[in-house]
Amino acid sequence: MVLASAIVFVVSLLIGALGIYLGARVIVGAGDYDHAIVTALVGAIVWAIVGFFVGWIPLLGPLLALLAYIAVINVRYPGDWTAAAMIGLVAWLTVLIVLYVLAAVGITGFDAVGVPGV
């Protein structure tokens, strides 16, 4: 059971990192997948911590968690807050498409670590 959970976590993290990698490549020209993996992991941790403390506040809690996630991208990649938000948006869309395809063929569920809301 623990091994299966670890495998799901790692695969989900790699899918989330793929989204960040593609977003960063398209928006700011950064092309390091290892950097995207660390960004996805840190982003997921920050999202979880902020969500734990303020996520219960209607509208404001999820908004603060999203802002914290974008802040992680902003710190990890060159550019401004707009570029970071666009990287996050491209990452979300990429992961959404990948997970839809994988779920459609019955390989996985519809969630990923490292990209919020998916």
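Residues numbered from 1 in each chain as written. Predicted model: local features only at pLDDT ≥ 70, side-chain atom pairs only at ≥ 80, totals over all residues. Heavy atoms only, no water.

**Here we look at the overall build of the protein chain**
Let me state the cut-off plainly: The secondary structure listing takes helices from DSSP runs of H or I that are at least 4 residues long and strands from runs of E that are at least 2 residues long, numbered from the N terminus. Note on definitions: a residue-residue contact is assigned when non-hydrogen atoms from the two residues lie within 4.5 Å. Accessible areas in this description were obtained via Shrake-Rupley with a 1.4 Å probe; residue shielding takes into account the shown protein chains only.
In terms of helices and strands, the protein chain carries 4 helices and 0 strands. Once local pairs closer than 6 in sequence are excluded, the contacts in the protein chain between residues at least 24 apart make up 53%. Carbon and sulfur atoms provide 78% of the accessible area of the protein chain, an area that totals close to 6700 Å².

**Observations concerning the UniProt feature "transmembrane region" (unreviewed entry) in the protein chain**
Going by this rule: UniProt positions are given in the numbering used here, feature names are shortened, and annotations may be inferred rather than shown by experiment.
The feature "transmembrane region" (unreviewed entry), as annotated in UniProt, sits at residues 6–24, 60–77 and 89–110 in this numbering. Between the first and last C-alpha atoms of residues 60–77 the distance is 25 Å; the span itself is 94% helix and 0% strand.

**Focus: the packing of aromatic side chains**
Quick note on the threshold: Only centres within 6.5 Å qualify two rings of Phe, Tyr or Trp (six-membered ring in Trp) as a pair; their planes then separate them into stacked at under 30 degrees, edge-to-face at over 60, and tilted for everything else. We call a residue buried when its accessible area falls under 20% of the maximum for its residue type, exposed when it is over 50%, and partly exposed in between, using a 1.4 Å probe and counting protein chains only.
Under the counting rule described, the total for this entry stands at 3 aromatic pairs. Centroid distance Y21 to Y33: 5.8 Å. Interplanar angle 80°. Geometry classified as edge-to-face. Of the two residues, Y21 is situated in helix α1 (residues 2–27) and Y33 in helix α2 (residues 33–54); the sequence distance between them amounts to 12 residues. Taking relative accessible area as the criterion, Y33 reaches 29% and is therefore assigned partly exposed. Here F52 and F53 contribute two aromatic rings whose centre-to-centre distance is 5.1 Å and whose plane-to-plane angle is 80°, an arrangement assigned as edge-to-face. By the burial criterion, F52 is exposed, and F53 matches it.

**A short note on α1**
For clarity, the cut-off: Expected span of a helix, by definition, is 1.5 Å for each gap between consecutive residues, and there is one gap fewer than residues.
The terminal C-alpha atoms of α1 lie 37 Å apart, and with 26 residues this matches the ideal 38 Å at 1.5 Å per residue to within 8%. Regarding α1, the residues found buried are S12, L13, I15, G16, A17, G19, I20, Y21, G23 and A24. Contacts made by the buried residues of α1 are with α2, α3 (60–76) and α4 (81–104). At the exit of α1 stands G29, carrying a positive phi of roughly 80°.

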